[in-house]
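# Chain and residue survey
Residue strings, one per chain:
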There are 2 protein chains.
Amino acid sequence: MNRRTATESKESILEAAIKVFSEKGYSQTTIREVAKRAGISVGGVYIYFKNKEEIYFTLLKYLLDEFRDRAGESIKDIEDPAEAVKNYIAINLNYAKKFKGLILIEGREHGFTSCIDIKKKFFKGQRKLLESIIKNGIDSGKFERCNIKGTAKVIIGTLRGFILSLVMDSDSLFSPEECSVLILNGILKRGKK
Amino acid sequence: MNRRTATESKESILEAAIKVFSEKGYSQTTIREVAKRAGISVGGVYIYFKNKEEIYFTLLKYLLDEFRDRAGESIKDIEDPAEAVKNYIAINLNYAKKFKGLILIEGREHGFTSCIDIKKKFFKGQRKLLESIIKNGIDSGKFERCNIKGTAKVIIGTLRGFILSLVMDSDSLFSPEECSVLILNGILKRGKK
DNA sequence: AAATAGAATGAACGCAAGTTCATGTGAACA
DNA sequence: TGTTCACATGAACTTGCGTTCATTCTATTT
């Protein structure tokens, strides 16, 4: 065979792409730089991907799928719902730290409908996961009775904020524990209403 | 004088720019479109602004200043710290709704140091504001004793998430009330630890 | 009416980036 | 050794956009 197989080349392009996209965002990322870092020529990139958008889409899909699997896996055996929430938060923050740059891109930058679709699906799935934890919490009497769907949305919103903060200004860091404490306990003094 | 004064022209450029930036993001915004919407020629834009970046910077600074003033104003006479937090959250969400598009740009897209500086200053100011509310809450016995700085950071992070959620997927809306409830009370059942 | 100056124009320039394609390379097999 | 096929190249093409500037317009002044 040749120096590299098609699969190897494709993978090195994706590996390079994830780095460049993370560092520069979507618009500022050039095929030339991705190619350079992947150790392939500009034209070579177009053997494996139809265009820039397809590279990005492939990457996004891969990461979302991987995250969903890991998150689901690491929660499924936890009994205590509060513990499950803590764990879920921790996983999110870890992943966010690892893929800082890409998360920022997701704010906007490109409005590919293809990407929007898989993102919506992803978030919906995550919401369902959370809802099941909350339901568990209420049924077992550990969580305040509440609107499950609404609460799940709020928690996801909260998480998103932690992630964004983590990702935007690395100086104002706070730990997963601090996040969990706020989500679980709130800031009002217990016993007062 | 002429058809329009310099001030009028400058303002109509800014008004057009805020719309286009909101709709398209920074990179996708073209001077040509801003000019068109402002009812001025391409060259005309460059009479009033050095370049694209300066337009964006001017806009950002204006909005941050305005927000800071409004937020400060609307909180300063509120006694009850929980009420002040609620109010602060509501103002944030309202403003976010109004300037959806621009907020998304702020995730990344451009790394102008000039913009980063005024943003940092802004967020620092907001954090101080929150810290004073929290301190007030603890002193008056209504808030759980806590690390004030840390808590302020966490609340800002939380808010950021609510805002992002509000801005990204308009279908998964939740009300300022729901947000306040979570931040103030948490999701754990009161009385249990 | 002529002169002046502030405001405005838009064709043209330069450059950067996505994409294409005619051509090259080298391993495997005949 | 020659042929084939998969992989690879990078110059060239195209497009789009930020920016400039020689020129025009119009209202005020002289």
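To keep things clear, this report deals only with the structure shown in the data block. (Residues numbered from 1 in each chain as written. Chains lettered and ligands numbered in written order. Predicted model: local features only at pLDDT ≥ 70, side-chain atom pairs only at ≥ 80, totals over all residues. Heavy atoms only, no water.)

The number of helices and strands found in chain A is nine helices and zero strands. Within chain A, buried positions represent 47% of all 193 residues. Taking all contacts inside chain A whose residues are at least 6 apart in sequence as the whole, residues at least 24 apart take part in 68%. For chain A, the exposed surface amounts to about 10000 Å²; the carbon and sulfur share of it is 54%. (Helix = DSSP H or I, 4+ residues; strand = E, 2+ residues; numbered from the N terminus. Buried < 20%, exposed > 50% of the residue type's maximum accessible area, 1.4 Å probe, protein only. Contact = heavy atoms within 4.5 Å. Areas by Shrake-Rupley, 256 points an atom, 1.4 Å probe, with all protein chains shown as cover.)

Turning next to the nonpolar core. If you look at the biggest cluster of nonpolar residues, it comprises 117 residues, and the most contacted ones within it are Phe21 of chain A together with Phe21 of chain B. The residues contacting Phe21 of chain B, other than those within four sequence positions of it, are Tyr26, Thr29, Lys52, Ile55, Tyr56, Leu59, Leu102 and Ile105 of chain B. (Core = buried A, V, L, I, M, F, W, Y, C linked by side-chain atoms within 4.5 Å.)

Attention shifts here to the packing of aromatic side chains. Scanning the entire structure with this criterion turns up 14 aromatic pairs over all chains. Taking the centre distance of 5.5 Å and the plane angle of 0 degrees together, the rings of Phe21 of chain B and Tyr26 of chain B count as stacked. Each member of the pair, Phe21 of chain B as well as Tyr26 of chain B, carries the same accessibility label: buried. For Tyr26 of chain B, a relative accessible area of 8% gives the class buried. Through successive ring pairs, a cluster of aromatic residues spans Phe67, Tyr95, Phe99, Phe122 and Phe123 of chain A. In this arrangement the basic side chain of Lys10 of chain B is found over the ring face of Phe49 of chain B, its NZ or CZ atom lying 5.3 Å from the centre. It is Arg160 of chain B that lies over the ring of Phe123 of chain B; its NZ or CZ is 4.6 Å from the centre. (Phe/Tyr/Trp six-rings, centres within 6.5 Å; stacked < 30°, edge-to-face > 60°. Lys NZ or Arg CZ within 6 Å of the ring centre and 35° of its normal.)

Let us look at the pattern of salt bridges. Residue and element names in this part refer to chain B. Inspection of the entire model under this criterion finds 22 salt bridges over all chains. With a closest N to O distance of 3.7 Å, Lys76 and Asp77 form a salt bridge. Taking the relative accessible area as the measure of exposure, Lys76 reaches 53% and is therefore exposed. Between Asp80 and Lys142 there is a salt bridge; the shortest N-O distance is 3.3 Å. Note that Asp80 is positioned in the loop between helix 4 (52–75) and helix 5 (81–98) and Lys142 in the loop between helix 7 (113–139) and helix 8 (148–168), a separation of 62 residues in sequence. (Salt bridge = Lys/Arg side-chain N within 4 Å of Asp/Glu carboxyl O.)

Residues and elements named next belong to chain B. Over its 27 residues, helix 7 runs 39 Å from end to end, which matches the ideal 39 Å to within 8%, given 1.5 Å per residue. Restricting attention to buried positions, one finds in helix 7 the residues Cys115, Ile118, Lys119, Phe122, Gln126, Leu130, Glu131, Ile133, Ile134, Gly137 and Ile138. Just past helix 7, the residue Gly141 takes up positive phi, approximately 80 degrees. (Expected span 1.5 Å × (residues − 1).)

Another point: the packing of helix 1 (residues 6–28) of chain A against helix 2 (residues 31–38) of chain A. Residue and element names in this part refer to chain A. For the pair helix 1 and helix 2, interaxial distance at closest approach is 8 Å and the crossing angle is 130 degrees. With respect to helix 2, the element helix 1 is oriented oblique. For the pair helix 1 and helix 2, the sense of crossing is right-handed. Taking contact as the criterion, the partners of Ser12, Ile13, Ala16, Ala17, Lys19, Val20, Glu23 and Lys24 in helix 1 are, on helix 2, Glu33, Val34, Arg37 and Ala38. A breakdown of the residues in the contact of helix 1 with helix 2 according to their chemical character gives six nonpolar, one polar and five charged. (Axes fitted to C-alpha atoms, helices over the stretch in contact; angles between N-to-C directions. Parallel < 35°, antiparallel > 145°, perpendicular 65-115°, else oblique. Left-handed = near helix turned anticlockwise from the far one by under 90°. Nonpolar A, V, L, I, M, F, W, Y, C, P; charged D, E, K, R; others polar.)

Residues and elements named next belong to chain B. Between helix 5 and helix 7, the shortest axis-to-axis distance is 8 Å and the interhelical angle comes to 155 degrees. When the axis of helix 5 is compared with that of helix 7, the two are roughly antiparallel. Facing Pro81, Ala84, Val85 and Tyr88 of helix 5, the residues of helix 7 in contact are Gln126, Leu129, Leu130, Ile133, Asn136 and Gly137. Its residues assigned to classes, the contact of helix 5 with helix 7 comprises seven nonpolar, three polar and no charged.

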